[in-house]
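Close look at the chain arrangement
Letter by letter, the chains look like this.
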Amino acid sequence: MKILVVDDDRLSRRILEMDLKKKGHDVISAENGEIALNLLKSDMEISLVITDWNMPVMDGLELCRKSRELIRKRYLPMILLTSRGEKEDLIAGLNAGADAFLSKPLNSPELQAHLKVVGRNLDLEKKLSDQIEEIKLAHIELQKANVKIEDIARHDGLTGLFNRRYVMERLEAEMIRSRLQGTPLGVIIIDIDHFKKVNDQFGHLMGDKVLRETSQVMQSNARPDDILGRYGGEEFLGVFPNTVMEGLLVIADRIRLSVQNNPIQLDTEESLNIKVSIGMACFKADRDTSTTLLSRADEALYEAKKNGRNQVCFR
Ligand code: GH3
Ligand code: MG
Ligand code: MG
């Protein structure tokens, strides 16, 4: 332990110092309460104070009081050295913040017994603070895991886009915002043309690759505020806040062309041209629910398919 010994009497200070050092403790000393208090302020390693009661400048009682005020975040044991044995004195000492009393002149076995108690308490305190530290670390890990879980729960495993549940949640939220703020809102449903043929001709794995790469192309055409997710097998839903019909048309056609211009590399030398059909609808704040809004986009998609695919239709 690093022990601070406080006594104005040089000889008793030396005796106590020697006794403690002999027992292997690290000792620093001060000749009054004020000096001791300054040492406590600067040295966080001090784990025990043994102080005389009567001293000039600042006595032991005041030192106990002020140290308790100063050091609140850890347990600092304080032992008062005293020749006073009256009950009132002991009560005053305890009230000032002392933990124990050592009678003067010093009795070495008594000192040892006290040091044992202090050592036990400090061990306990250390264990407790270690446990608190472990709990804090575990809490941080848990928070990180929760963020990860939340992220996984929002995304589609194959394409990395948002999943249907999350896009629908966001759509409902954006509809509320659009109503409150009077801002425009648009949705598009994108469906890969003749996707079944990809599976049939090149296998399911190639189908998955097409879904992944087409998703990337679509995502790279969206702005940060746009919400793009996988709506079903080879269908995707885009929610576009603050977007009027003309803007929506530009984005939809850009996505359509971008997919068309990014052929997917097959396992052979060849590549595969993918095309999409897109249905769009703009949110009508005074009458739309998500169901009516999406069914308009779906009808528009149906129209795009019926009119020959690889095109954008609006309802
Ligand atoms: P259309 O142009 O009319 O949209 O025709 P289509 O062939 O694209 O549409 P259809 O609905 O007939 O077929 C969609 C196919 O998508 C059928 C299904 O097996 C396939 N599919 C759905 N989910 C996945 C997936 O996760 N991976 C793969 N490889 N295929 C999928
Ligand atoms: Mg489909
Ligand atoms: Mg399709």
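One can find the structure itself at the top, above this paragraph.
Model, not experiment: these values are computed from the prediction. Here the residue index of a chain counts from 1 through its sequence in written order. Whichever chain is written first becomes A and whichever ligand is written first becomes 1, with later ones labelled in order. Since the coordinates come from a predicted model, pLDDT governs what is reported: local features require at least 70, and pairs of side-chain atoms require 80 or more to be given and counted, while whole-chain, interface and lining totals use all residues. To obtain the side-chain values, all non-hydrogen atoms of the structure were used and water was disregarded.

Moving on, we come to the site of ligand 1. Within the structure, ligand 1 sits among 17 residues, and H194, F195, K196, D208 and R230 are positioned closest to it. Pairs of N or O atoms within 3.5 Å make up the polar contacts considered here, provided that, within protein, one atom can donate a hydrogen while the other can accept it, and that residues adjacent in sequence are counted only when both atoms are side-chain atoms. R309 places a side-chain nitrogen or oxygen 2.8 Å from an oxygen atom of ligand 1. For ligand 1, whose unbound accessible area comes to 660 Å², protein coverage reaches 66%. We count a stretch as a helix when DSSP gives it H or I for four or more residues in a row; a strand needs E for two or more, and each element gets its number in order from the N terminus. Those elements that provide at least two residues to the shell around ligand 1 are strand 6 (185-192), helix 7 (195-202) and helix 8 (204-220). Distances are taken per atom, and a residue is near a molecule or strand as soon as one of its heavy atoms is within 4 Å of it. Method for areas: the Shrake-Rupley scheme with a 1.4 Å probe, in which residue coverage is limited to the protein chains shown.

This part is about the packing of helix 2 (residues 33-42) against helix 3 (residues 60-70). All axes are obtained by fitting lines to C-alpha atoms, using only the stretch in contact for helices, and the reported angles, taken between N-to-C directions, cover 0 to 180 degrees. Viewed as axis vectors pointing N to C, helix 2 and helix 3 meet at an angle of 20 degrees, and their least axial separation amounts to 10 Å. As summarised for this structure, helix 2 and helix 3 are arranged roughly parallel, according to the angle between their axes. For the crossing formed where helix 2 meets helix 3, the hand is right-handed. Note on element contacts: helix 3 touches helix 2 through L63, K66, S67 and L70, opposite G33, A36, L37, L40 and K41. Gly is placed with the polar residues, together with every amino acid not listed as nonpolar (Ala, Val, Leu, Ile, Met, Phe, Trp, Tyr, Cys and Pro) or charged (Asp, Glu, Lys and Arg). Tallied by class, the residues present in the contact of helix 2 with helix 3 amount to five nonpolar, two polar and two charged. Each angle gets one of four labels, with under 35 degrees taken as roughly parallel, over 145 as roughly antiparallel, 65 to 115 as roughly perpendicular, and the rest as oblique. Each crossing is labelled by how the near helix is turned from the far one, with a counterclockwise turn of less than a right angle marking it left-handed and a clockwise turn marking it right-handed. Should any heavy atoms of two residues lie within 4.5 Å, those residues are considered in contact.

Moving on, we get to the coordination of the magnesium ion (ligand 3). Angles at a metal have ideal values that depend on geometry: 109.5 degrees with four tetrahedral donors, 90 or 180 degrees with six octahedral donors. As a rule, N, O and S atoms within 2.8 Å of a metal are its donors, except that Na, K and Ca use 3.2 Å; water is not among the atoms, so sites may look incomplete. Donor atoms from the polypeptide that coordinate the magnesium ion (ligand 3) comprise D191 (OD), I192 (O) and E234 (OE), at 1.8 to 2.2 Å from the metal. Spacing between the donor residues of the magnesium ion (ligand 3) along their common chain follows D-I-x41-E. The metal-metal distance between the magnesium ion (ligand 3) and the magnesium ion (ligand 2) is 3.7 Å, with D191 coordinating both. Among the residues examined, D191 registers a relative accessible area of 7% and is labelled buried. Burial classes follow relative accessibility: with a 1.4 Å probe on protein chains only, a residue under 20% of its type's maximum area counts as buried, one over 50% as exposed, and anything between as partly exposed.

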